[in-house]
Amino acid sequence: MYLRQETSNQTILTEFLLLGFSNIRKLQILHFVVFLVIYLTALIGNLFILTAVAVDRHLNTPMYFFLGNLSFLDICYISITVPKSMANSLTKDRQISFSGCVAQVSLVIALVITEMTLLVVMAYDQYFAICHSLHYRVIMNKGTCAQMAAGSWIGSAIYAAFHTGNTFRLPFCQSNAIGQFFCDIPQLLKISCSDTLSNEILLLACVIFLCFVCFGLVIMSYTCIFSTILMIPSVQGKHKTFSTCLPHMTVVGLFLSTRMLTYMKPNSGSSTYYDLLASVLYTVLPPAMNPLIYSLRNKKIKEALSIIGDMKKRLFLIALGN
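Residues numbered from 1 in each chain as written. Predicted model: local features only at pLDDT ≥ 70, side-chain atom pairs only at ≥ 80, totals over all residues. Heavy atoms only, no water.

**A look at the overall build of the protein chain**
- When helices and strands are counted, the protein chain shows eleven helices and four strands.
- Classification of the 322 residues of the protein chain by burial places 44% in the buried group.
- When the accessible surface of the protein chain is totalled, it reaches about 16800 Å², and 69% of it is carbon and sulfur. (Helix = DSSP H or I, 4+ residues; strand = E, 2+ residues; numbered from the N terminus. Buried < 20%, exposed > 50% of the residue type's maximum accessible area, 1.4 Å probe, protein only. Areas by Shrake-Rupley, 256 points an atom, 1.4 Å probe, with all protein chains shown as cover.)

Here it is as structure tokens:
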């Protein structure tokens, strides 16, 4: 069942129904618990990185500036979809308003594209840090870093506004049931009662173009980086430089592979639960995995987190003393 408003000329859809993971109450509770654990892991991990970057003056470098942006982005990204899905599992209310769906689509697209561009910018930063180390501080100054970050956010917002407007200009008269646990453009196109071929072609073309351009730029950067690393005479120096690049390479691989898995699959051969599983891989896991990937192999992050831990212990002891 769904709600519509009748007008003299057309029927206007006022809300959508999101897909639940199960109709069995025990599985709904299990879904809530699993998503809660993943959400808290992502929230705490990314907040720790943000705090470390803000507190430790040794992390006042372009690399950690962009890492802080990425952590803030991951917090926003997972907070747009997961809490709503968890609430739906507890209340069995799968409804989302039309305006809420519009906001969810635009924010998800904007944050995905921002993350994609930030990962390219971080590869660009590492390229200059390793291949042009003598001129690095001049090239990657605070003004340049701020402009690159702002350009990523603003450009992504414009891109998201275009695709959101292009999707919601379509009439939805067949059904309001979305085959996904959040509002997603491919699923919205499936329930439109108009011809969506042009929208599908445009969306696929944009995804392929952006993925291959970003992937190509990252590959070019790391080709130059690895050629420079091979010329380092010290084995320890090679290992240290490579360990700096490895977390970023892992995050890029995780990000692009999960998106390409979702958007470049054949629509005719995919089931609803395949789409649901793929969406979990690219919306829920990366924000939780990114802080773990960056912190586990990063000594500076570990040192900063230990400093934060010591500060908390001191504050706790002071509070107990009072």
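Still to come is the rest of the account.
**Notes on the packing of helix α1 (residues 25-55) against helix α2 (residues 62-91)**
- Put simply, α1 and α2 touch, their axes get as near as 9 Å, and they point 160 degrees apart. With respect to α2, the axis of α1 lies roughly antiparallel. Crossing of α1 over α2 shows left-handed handedness.
- When its residues are assigned to classes, the contact of α1 with α2 shows 21 nonpolar, eight polar and two charged. (Axes fitted to C-alpha atoms, helices over the stretch in contact; angles between N-to-C directions. Parallel < 35°, antiparallel > 145°, perpendicular 65-115°, else oblique. Left-handed = near helix turned anticlockwise from the far one by under 90°. Nonpolar A, V, L, I, M, F, W, Y, C, P; charged D, E, K, R; others polar.)

**Structural notes on the state of the cysteines**
- A full pass over the atoms with the stated rule returns one disulfide.
- Each sulfur of the disulfide joining Cys101 and Cys183 lies 2.1 Å from the other. Handedness of the Cys101-Cys183 disulfide follows from its S-S torsion of about -125 degrees: it is left-handed. With Cys101 in helix α3 (residues 98-131) and Cys183 in the loop between α5 (142-168) and α6 (185-190), the pair connects residues that are 82 residues apart, well separated along the chain. (Disulfide = S-S within 2.5 Å.)

**Observations regarding a nonpolar patch on the surface**
- Taken together, Ile24, Leu27, Leu30 and Val34 make up a surface patch of nonpolar side chains, about 350 Å² in accessible area.
- Along the chain, Leu30 turns up in helix α1.
- Residue classification places Leu30 among the partly exposed positions, given a relative accessible area of 48%. (Patch = residues over 30% accessible without salt bridge, like charges linked within 9 Å, V, L, I, M, F, W, Y side chains within 5 Å. Salt bridge = Lys/Arg side-chain N within 4 Å of Asp/Glu carboxyl O.)

**Re the nonpolar core**
- With 80 residues, the main nonpolar core has Phe16, Phe66, Leu119, Ile178 and Leu188 as its most contacted residues.
- Sort the elements by how many residues they give to this core and α3 lands first, with 17 residues.
- Leave out the neighbours within four places in its chain, and Phe16 touches Arg94, Gln95, Ile96, Phe98, Cys101, Phe168, Phe172, Asn176, Ile178, Leu188 and Ile191. (Core = buried A, V, L, I, M, F, W, Y, C linked by side-chain atoms within 4.5 Å. Contact = heavy atoms within 4.5 Å.)

**Considering the packing of aromatic side chains**
- Going through the model one piece at a time under the given rule, you end up with eleven aromatic pairs.
- With a centroid separation of 5.8 Å and an interplanar angle of 20 degrees, the aromatic rings of Phe16 and Phe98 are classed as stacked. Of the two residues, Phe16 sits in strand β3 (residues 15-17) while Phe98 sits in helix α3, which places them 82 residues apart along the sequence.
- Using a relative accessible area of 0% as the deciding quantity, one classes Phe16 as buried.
- One aromatic cluster is present, formed by Phe16, Phe98, Phe168 and Phe172 through successive ring pairs. (Phe/Tyr/Trp six-rings, centres within 6.5 Å; stacked < 30°, edge-to-face > 60°.)

**Looking at the side chain of Ser89**
- Assignment of secondary structure puts Ser89 in helix α2.
- For Ser89, the side chain forms a polar contact with the side chain of His31, separated by 2.2 Å. (Polar contact = N/O pair within 3.5 Å; in protein donor to acceptor, adjacent residues only side chain to side chain.)

**Here's the deal with the environment of Ile96**
- Relative to the assigned elements, Ile96 resides in strand β4 (residues 95-97).
- The buried category is assigned to Ile96, whose relative accessible area is 9%.
- Linking Ile96 and Leu18, residues 78 residues apart in sequence, is a C-alpha distance of 7.1 Å.

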